[in-house]
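Now for the letters of each chain:
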Amino acid sequence: MSLALRIGGSFSVPQALLAMLPKLPAFPINSIFHNSPAIDERLEELREQIENNHGRPPFMIDNGTIVKAAPKKKMSKRRHRTKLYTPGDKQIHPLNNIVRCPACGHVKRSHFMCMNCFAEIRTFLKGKKRENGLIKDAENPQTNLDPVDEKLIYPGKYLKDDQIRLEEKKWIPVREEPLMFDKKHLKHSK
Amino acid sequence: MPSLQKFHANVARHIKLMDKNLCANLIRHENIITTRAKAKRAQSKIEKFLADAIRNNKELADKDFEYRLENNDALNFLQPPDRKEVGSKIINELAQRYPGRSSGFTRIIKLEPRLGEDKAPMSVLELVDSDYEIKFWYTAKIVARLELQNIPVDDLTKHNVHKLTKLRNDGEESFRNAVETAKLEFFKFNPETGSFNDPEIEKNLQNKPNMAYHEGPLVGTLLKSKKFGTTPRPTRETVEIPKSPFLS
């Protein structure tokens, strides 16, 4: 029997049978989403709880326990055992050699170049080399072409969606901007 | 850090060529970014090559350019296609840049690991005293920042500036120019109005260093031993030696 027939069959269940099924608790979804200007009562209650709850911890769900983030997948045996039982040098250690970069004020590893400054200096030096003629860009021989001619000779390329996405180059990993250095963030203050 | 294999025959030949290519490209571009193993390995070869080439060039100082290029035996280290281009740069530029040096032509700067699959530790290999030296511009940026913040320069930066400008041609002057350029380039400073074109940079400049090293109690303690309390050496006194009776 096909699926459509099955579904069709279910519609033909008489009303008396439906009434026998256990009723689901009614939940007023419409009151939250559709009446947006009027704030929901429960949200108001929650706000009050968070703001002034007389020294008790805020936002209690499930009879006083805070629901924590749950792992998405079971940790594999290897991962689990590496974490718990391998010698210390194989485990991941926190970085303890973090200092302030004197040139930009962000964090950096001591004895290592600050990558934030390095990127700036590298682009600057590349521009300087280009100014001094050490880097020569390939010149386009047809820069003074008439716009009509250009359109005829080089008609625009049609790019598909995936090609456009490739040209955005989001697949190239980019270094994040480091945090500003603050002594309070260090575990061992120097 | 992984070490490059050296006992396999093919790899040995490959590594020799890699050193030669790194050497030629370093001299061509003044600085290159490679993995740390390659940089460390090539550095000693490049140092030896440059020392030999510059020493040989000094011996042939009275000969003309063509003769020097032909008869400088150290240039045989390079691969034949690179010999003329790189050799002429050594004779024309590097020999003038390093008149008193016999070693210490290159520097390795550690970088963060590469952003990619292999996370290889990277480093910069650069020629010292060049216009495109990264450490020179980094130090210039530090001094520029401190000057914009009206903070006196600390001992470590002073020491670094001294090392960078000591053997450079017009060292002090070129460093001063670099600091002024760094103010414009890296901090978008407008010298006419005395303000910054970027509000974010102005906010960034409020982050100040540990002032104890700049104008506090820790000034002048950098080069002193922390372990042993030392007293400064007394100044030399002039001693008058009495005249010898044996000399008439």
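Reading the values: rules and limits
- Residues numbered from 1 in each chain as written.
- Chains lettered and ligands numbered in written order.
- Predicted model: local features only at pLDDT ≥ 70, side-chain atom pairs only at ≥ 80, totals over all residues.
- Heavy atoms only, no water.
- UniProt positions renumbered as here; feature names shortened; annotations may be inferred.
- Helix = DSSP H or I, 4+ residues; strand = E, 2+ residues; numbered from the N terminus.
- Buried < 20%, exposed > 50% of the residue type's maximum accessible area, 1.4 Å probe, protein only.
- Lys, Arg positive; Asp, Glu negative; His and termini not counted.
- Salt bridge = Lys/Arg side-chain N within 4 Å of Asp/Glu carboxyl O.
- Contact = heavy atoms within 4.5 Å.
- Domains from an automatic or database assignment.
- Buried area = accessible area lost by both parts, 1.4 Å probe.
- Polar contact = N/O pair within 3.5 Å; in protein donor to acceptor, adjacent residues only side chain to side chain.

Naming follows an unreviewed UniProt entry, where chain B appears as Ribosomal protein L17 of Suhomyces tanzawaensis NRRL Y-17324. Within the UniProt record for chain B, the comment given under Sequence similarities (unreviewed entry) is "Belongs to the bacterial ribosomal protein bL17 family."

As named in an unreviewed UniProt entry, chain A is Large ribosomal subunit protein bL32m, taken from Suhomyces tanzawaensis NRRL Y-17324. In its Sequence similarities (unreviewed entry) section, the UniProt entry covering chain A states "Belongs to the bacterial ribosomal protein bL32 family."

**Student:** Before we go on, may I ask you to explain the side chain of A:Lys129 in this structure?
**Tutor:** For A:Lys129, the location among the structural elements is in helix 6 (residues 115–131). Despite its burial, A:Lys129 remains without a salt bridge, the nearest opposite charge being carried by B:Glu30 at 7.2 Å. Aside from chain neighbours lying at most four places away, what touches A:Lys129 is A:Leu134, A:Ile135, B:His29, B:Asn31 and B:Tyr132.

**Student:** What should I look at first to understand the domain arrangement of chain B in this one?
**Tutor:** By a widespread convention, an interface's size corresponds to the accessible area lost as its parts come together. Residue and element names in this part refer to chain B. Taken domain by domain, chain B consists of domain 1 (4–127) and domain 2 (134–215). Contacts between domain 1 and domain 2 engage eight residues on the former and five residues on the latter. Counting each side, the surface lost to burial between domain 1 and domain 2 is near 490 Å², with a carbon and sulfur contribution of 53%. Of all residues in domain 1, the largest losses of buried area upon contact with domain 2 belong to Arg-101, Arg-107 and Glu-126, amounting jointly to 52% of the total for that side. Inspection of the domain 1/domain 2 interface yields zero salt bridges. Along the contact surface separating domain 1 from domain 2 lie one residue pair in polar contact (both at pLDDT 80 or more). Elements supplying a minimum of two residues to the side of domain 1 that touches domain 2: helix 4 (80–97), strand 2 (106–110) and strand 3 (122–127).

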